[in-house]
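# A closer look at the structure
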Amino acid sequence: MGSGCSSLSYSSSTFIVTASSISSPSSSSSSLKLNPRSFLSHSPRNLSTQLRNQAPLRCGRSLEMESQKPMFDVEKFDDEFVQKLVYDALVWSSLHGLVVGDKTYQKSGKVPGVGMMHAPIALLPTPFPEIYWKQACEVAPIFNELVDRVSLDGKFIQDSLSRTKKADIFTSRLLDIHSKMLESNKTEVFLLYLLVHVNLHSLVTMSWFSFIHFACLCSQDIRLGLHRSDYMLDEETKSLLQIEMNTISSSFSGLGRLVSELHQSLLRSYGDHLGLCSERVPRNASTSQFADAMAKAWLEYNNPRAVVMVVVQPEERNMYDQHWQSSVLREKHNIVTIRKTLAEVENEGRVQEDGTLIVGGQAVAVVYFRSGYSPTDYPSESEWNARLLIEQSSAVKCPSIAYHLTGTKKIQQELAKPGVLERFLDNKEDIAKLRKCFAGLWSLDDPEIIKKAIEKPELFVMKPQREGGGNNIYGDDVKENLLRLQKEGEEENAAYTLMQRIFPKVSNMFLVREGVYHKDQAISELGIYGAYLRNKERVIINEQSGYLMRTKVSSSNEGGVAAGFAVLDSIYLN
Ligand code: ADP
Ligand code: MG
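Residues numbered from 1 in each chain as written. Chains lettered and ligands numbered in written order. Predicted model: local features only at pLDDT ≥ 70, side-chain atom pairs only at ≥ 80, totals over all residues. Heavy atoms only, no water.

### Regarding the packing of helix α12 (residues 253-274) against helix α14 (residues 319-333)
Applied cut-off: Lines fitted to the C-alpha atoms define the axes, with helices restricted to the stretch that makes contact. Angles between their N-to-C directions range from 0 to 180 degrees. Only runs of H or I of at least four residues qualify as helices and only runs of E of at least two qualify as strands under DSSP, and these elements are numbered from the N terminus. Each angle gets one of four labels, with under 35 degrees taken as roughly parallel, over 145 as roughly antiparallel, 65 to 115 as roughly perpendicular, and the rest as oblique. Only heavy atoms matter for contacts: two residues are in contact if any of them lie within 4.5 Å across the pair.
Where α12 contacts α14, the two axes come as close as 6 Å, and the packing angle between them is 90 degrees. Relative to α14, the element α12 is oriented roughly perpendicular. Here Ser253, Gly254, Leu255, Arg257 and Leu258 of α12 lie close against α14, whose contacting residues are Tyr320, Asp321, Trp324 and Gln325.

### Let's talk about the site of ligand 1
Heads up, the condition is: For this purpose, a residue is taken to be near a molecule or strand whenever a single non-hydrogen atom of the residue falls within 4 Å of it. Polar contacts, as used here, are pairs of N or O atoms within 3.5 Å; protein pairs need one atom able to donate a hydrogen and one able to accept it. Residues neighboring in sequence count only if both atoms are side-chain atoms. Methods summary: accessible areas were calculated by the Shrake-Rupley approach with a probe of 1.4 Å, and residue burial reflects only the protein chains presented. When residue character is reported, Ala, Val, Leu, Ile, Met, Phe, Trp, Tyr, Cys and Pro are called nonpolar, Asp, Glu, Lys and Arg charged, and the others, Gly included, polar.
Neighbouring ligand 1 are 21 residues, the closest being Lys409, Lys463, Gly469, Tyr474 and Glu525. Contact between ligand 1 and Glu244: an oxygen atom at 2.9 Å from a side-chain N or O atom of the residue. Expressed as a share of its isolated accessible area of 540 Å², the protein-covered part of ligand 1 is 96%. Counting only elements with at least two residues in the shell around ligand 1, the list comes to β6 (239-246), β14 (460-464) and β16 (496-500). Here the residues of the shell around ligand 1 are counted per class, giving 6 nonpolar, 6 polar and 9 charged.

### Some details on the pairing of strand β17 (residues 507-513)
Side-chain positions along a regular strand alternate between the two faces of the sheet. As a reminder, the rule being used: Think of it this way: DSSP has to see at least two bridges between two strands before they count as a pair.
Pairing analysis gives 2 bridges linking strand β3 (residues 121-122) to β17, with the strands arranged antiparallel. Directly across from Ala122, in β17, lies its bridge partner Leu511. The pairing of β17 with strand β18 (residues 516-535) spans 7 bridges and is antiparallel. Counted as the bridge partner of Val512 is Tyr517 from β18.

### Re the pattern of salt bridges
This is how it is decided: Whenever Lys or Arg places a side-chain nitrogen within 4 Å of a carboxyl oxygen from Asp or Glu, that contact is recorded as a salt bridge.
Taken as a whole and assessed by the stated rule, the structure comprises 32 salt bridges. Residues Lys433 and Glu138 are paired through a salt bridge, measuring 2.9 Å at the closest nitrogen-oxygen approach. In this pair, Lys433 is assigned in helix α20 (residues 428-436) and Glu138 in helix α6 (residues 130-151), connecting sequence segments 295 residues apart. Here Arg149 makes a salt bridge to Asp426, at a shortest N to O gap of 3.8 Å. Highlighted residues: Arg149 in helix α6 and Asp426 in the loop between α19 (421-424) and α20, separated in sequence by 277 residues. Each of Glu145, Asp148, Arg149, Arg223, Asp426 and Arg534 takes part in one network of salt bridges that share partners.

### So, the nonpolar core
Rules: Throughout, nonpolar core names a set of buried Ala, Val, Leu, Ile, Met, Phe, Trp, Tyr and Cys residues whose side chains join them through atoms within 4.5 Å. Working definition: with a 1.4 Å probe on protein chains only, accessible area under 20% of the residue-type maximum means buried, over 50% means exposed, and in between means partly exposed.
One finds Leu98, Leu123, Leu224, Met309 and Leu568 to be the most contacted residues of the largest nonpolar core, which totals 139 residues. In terms of residues, this core owes the most to one element, α6, which gives 11 residues. Not counting residues within four places of it along the chain, the set of residues in contact with Leu568 comprises Leu98, Ala119, Pro120, Ile121, Ala122, Phe252, Leu255, Val259, Leu548, Met549 and Val561. Residues Ile449, Ile450, Ala453 and Phe460 belong to the second largest nonpolar core, which totals 15 residues.

### Quick word on the environment of Glu236
Assignment of secondary structure puts Glu236 in the loop between β5 (222-234) and β6. With relative accessibility at 46%, the residue Glu236 sits in the partly exposed group. As for Glu236 and Ile502, which are separated by 266 residues in sequence, their C-alpha atoms are 9.1 Å apart.

### Considerations on the packing of aromatic side chains
Defined as follows: Aromatic pairs are defined between Phe, Tyr and Trp rings, using the six-membered ring for Trp, whenever the two ring centres lie within 6.5 Å; interplanar angles under 30 degrees are classed as stacked, those over 60 as edge-to-face, and all others as tilted. In this scheme, the term charge over a ring applies when either NZ of a lysine or CZ of an arginine sits within 6 Å of the ring centre and within 35 degrees of the ring normal.
Going through the model one piece at a time under the given rule, you end up with 11 aromatic pairs. Look at Tyr378 and Trp384: their rings are 3.8 Å apart centre to centre, the planes differ by 15 degrees, and that puts the pair in the stacked class. Using a relative accessible area of 7% as the deciding quantity, one classes Tyr378 as buried. Assessed through its relative accessible area of 8%, Trp384 is described here as buried. The ring of Trp324 carries the charged tip of Arg257 above its face, separated from the ring centre by 4.7 Å.

### As for empty space enclosed by the protein
Stated precisely, the cut-off is as follows: Every definition here rests on a 1 Å grid over the protein atoms only: cavities are sets of points where a 1.4 Å probe fits but cannot get out, pockets are open sets enclosed by protein on both sides within 12 Å along at least five of seven lines, and lining residues have some atom within 4 Å of a point. Grid points are joined across faces, edges and corners, and a volume is the space filled by probe spheres set on the points.
What the rule picks out here adds up to 7 cavities of 30 Å³ or more. Considering only enclosed or pocket space, the largest cavity measures out at about 150 Å³ in volume. Every residue lining the largest cavity is counted, 13 residues in all, and those nearest its centre are Gln242, Met245, Thr406, Gln412 and Leu415. Elements that contribute at least two residues to the lining of the largest cavity include exactly α6, β6 and α18 (409-415).

### Remarks on a nonpolar patch on the surface
Keep this limit in mind: Patches were defined on residues exceeding 30% relative accessible area and lacking a salt bridge, with like-charge contacts within 9 Å and nonpolar side-chain contacts (Val, Leu, Ile, Met, Phe, Trp, Tyr) within 5 Å.
On the surface, a cluster of nonpolar side chains totalling about 350 Å² of accessible area is made up of Tyr87, Val91 and Leu95. Its location among the elements puts Val91 in helix α5 (residues 79-96). Look at Val91 and you get partly exposed, because its relative accessible area is 35%.

Remember, this is a structural readout, not a statement about activity or role.
Dropping the structure here:
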């Protein structure tokens, strides 16, 4: 019962949104004109004018100086100096918990404290223009709001993914859960109608089954989103373009904060020698902001004995990132966290008559998914049963199935179509701000764009409906796959979206893995965390909640840190 969509039926403001969006005609597939600014015209904006307009820099150096020369030249520093920095960085990481499980230890993904390794890191923060940093921070609450609004429109989600459902079994299973919730929601609406418009006696005569649904409806008013919107700064057009919006398992809010602190610490010690100032690494409170949002959701749920349940993979080498959240919940908020796999939830879980989710004998107030985003997280029916059980309970789901689906690449592409944002947001300036960071996105049934992608595959990325890194298609493989799909028929087309390839600036950087530094040509991707908490009409939190820079060697297409492609990084504002 009651995913995020359930409140739709009786919350007046959200109802208006949905009613209008249902009545809007569904726009046709986006055309080549979708992102002329960045993709086709390649008209660079005048960066120096923009830089002149921004706030004065701290640390005394002039902006013009900063924008004219590279922030620091890695070639300038000899090996002995860099080794010293690396040594200090490794000590700091070990002492402060900037660690992951070491893959060479068998138990490192299961037993905390066994087989720890410093997280892969950039030795120094990556220069990032303040103007784009501000832009990315500014749109975070608007994206949070957008996700919430879209999640309430069950019909939009189902319609947008209807063709994908036929081509992709994983999306299809998620949509089945979403449909079930929409169906039970209709029952709830009916019961609510009886309650309000007929008489209270109806409630007394209602069956237990109906009562559970009704009770859940009341608690689904609480919606929690912990998102991360990822961007690359396109070098040619000098525009900040969104890669994707993560609405499930947005990782590294625990370790991301630590990388910023590590870089601040290194710059405090070596800043003079490097010519860098620690204050230009922005403060990053990602861990506590996410934990605070969970704590507030727990408070809204209002069961002092209930716990926060982190849904985890059976083996998790990135467990410390997650434990950081739990640690803040325990120490700052006195809230207990339990960790369960989906299989364990199926074994130990049940939903009480009043909708309470009980797992291992404990009531659960908030379910925080750090698993469940990939087909490999559902090796059997047990895991799907668990996902449905959680969804049907009154626990606050982070994310609900509707929030999860709203983060799919297909929905991202739908939202980029002309006129679609207007269905969900009222403020024109907000809409313009979001649209400004949309890259070109297309479905595969646009013949004009397919032709162009076959001719110039290097300008595109082909994406299946997957999360977690390592799934995208690049370069000649784009061409091969498009030609194959042309031969094989149209059904499979719906499993993919095509995206404009973004080309960020390539710089020489020091990347540290397994205790050793490498000097590499690298590119970076900025993730901005966003937290959103709402109870009925009351928006309790809607904020930008810290950041994460990820840097990878420029020859690598993929970007995941956990997937082994990138390192954790922070930014140095210039
Ligand atoms: P996932 O859900 O697997 O993280 P993403 O859309 O984030 O999928 O893509 C994975 C990685 O591929 C990104 O982190 C980024 O490094 C790279 N990537 C994705 N889209 C683009 C793009 N349009 N241009 C350049 N690189 C991209
Ligand atoms: Mg990603």
